[in-house]
Amino acid sequence: MRGRVAIMHGVNLDTLGSRNPAHYGTLTLTELEARVRTYASELGLDPSFFQTNHEGEFCEELHAAPGYCDALVLNPGAWTHYSWAIRDALEVSGLPAVEVHLSAVDEREEWRRVSVIRELSIGSVQGKGVEGYREALGLLRDRLAEAVG
Ligand code: DQA
């Protein structure tokens, strides 16, 4: 099984640790990535990490992703709710993806309940904090194992 998974964070997620802990927890992005790296290795996956506050850079990373990974864990932050550009770039990538949100977006403001990437994702995990990344990696591991047959 090819198990290279890119974990991509979007706008404002570099401020984890100082953002509202009631929604986003207390881990910094670096601490969260270390945790996710452990989950990935427990599942036999090989993770890589990316974060940007620039929408075009996020799109370009999605364009490049098929060249270096087999699946995606995406937390695009607020772009989730309105970036058709990121939705289209995900479609271009053709990769299996799971959408993750630290907070329970469907239980917050109305505008956060919309996700333009959900229909292209094989799963969506929200409201479980960093644990949600473990669930997302498990879904992708199962999908990649199926693909091998
Ligand atoms: C988020 C939820 C988004 O609504 C928000 O804009 C974020 C983080 C989450 O992980 O809960 O930046 O994606």
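Look above for the structure.
**Digging into the overall build of the chain**
Regarding its fold elements, the chain presents five helices and five strands. Listed by position from the N terminus, the elements making up the chain come as β-α-α-β-α-β-α-β-β-α. The principal-axis extents of the C-alpha atoms in the chain amount to approximately 40 × 30 × 25 Å. Residues classed as buried in the chain amount to 48% of the 149 residues present.

**Topic: the pattern of salt bridges**
When the charged atoms of two side chains lie near each other, side chains of opposite charge can form a pair. Following the criterion strictly, the structure yields 14 salt bridges and no others. For the salt bridge of Glu91 with Arg87, the shortest nitrogen-to-oxygen distance reads 2.9 Å. With Glu91 and Arg87 both in helix α4 (residues 84–93) and four residues apart, the pair spans about one turn of that helix. Relative accessible area serves as the criterion here: at 11%, Arg87 is assigned to the buried category.

**With respect to the sheet that holds strand β1 (residues 4–9)**
Spatially, β2-β1-β3-β4-β5 is the arrangement adopted by the five strands of the open sheet, whose pairing is parallel. Two strands close off the open sheet at either side, each with one partner strand: β2 (46–51) and β5 (123–126). In this sheet, adjacent strand axes meet at a mean angle of 20 degrees when their direction is disregarded. Two strands pair when backbone bridges link them, and strand β4 (residues 97–101) and β5 are joined in this way by four bridges, in the parallel orientation.

**Points about helix α2 (residues 29–42)**
Compared with the 20 Å implied by 1.5 Å per residue over 14 residues, the 20 Å span of α2 between its first and last C-alpha is a close match. Looking at α2, one finds that the buried residues are Leu29, Leu32, Glu33, Val36, Tyr39 and Ala40. The arc enclosing the buried residues of α2, seen along the axis, measures out at 115 degrees, which places them on a common side. Within α2, the exposed residues directed more than 90 degrees away from the buried face are Thr30, Ser41 and Glu42. Check the buried side of α2 and you find it contacts β1, β2 and α5 (131–148). Remark: Gly44 follows α2 within two positions and exhibits a positive phi of approximately 75 degrees.

**Some points on the site of the ligand**
Around the ligand, a shell composed of Arg19, Tyr24, Asn75, Gly77, Ala78, His81, His101, Leu102, Ser103, Val105 and Arg112 is seen. The separation between an oxygen atom of the ligand and a polar side-chain atom of His81 is 2.7 Å. Protein chains bury 99% of the 320 Å² of accessible surface belonging to the ligand in isolation.

**So, the environment of Leu13**
One can find Leu13 in the loop between β1 and α1 (21–24). Considering only alpha carbons, one finds Leu13 and Ala147, 134 residues apart in sequence, at a separation of 31 Å.

Cut-offs applied
Residues numbered from 1 in each chain as written. Predicted model: local features only at pLDDT ≥ 70, side-chain atom pairs only at ≥ 80, totals over all residues. Heavy atoms only, no water. Helix = DSSP H or I, 4+ residues; strand = E, 2+ residues; numbered from the N terminus. Buried < 20%, exposed > 50% of the residue type's maximum accessible area, 1.4 Å probe, protein only. Salt bridge = Lys/Arg side-chain N within 4 Å of Asp/Glu carboxyl O. Pairing = 2+ DSSP bridges. Axes fitted to C-alpha atoms, helices over the stretch in contact; angles between N-to-C directions. Expected span 1.5 Å × (residues − 1). Arc of directions from axis to C-beta. Contact = heavy atoms within 4.5 Å. Near = heavy atom within 4 Å. Polar contact = N/O pair within 3.5 Å; in protein donor to acceptor, adjacent residues only side chain to side chain. Areas by Shrake-Rupley, 256 points an atom, 1.4 Å probe, with all protein chains shown as cover.

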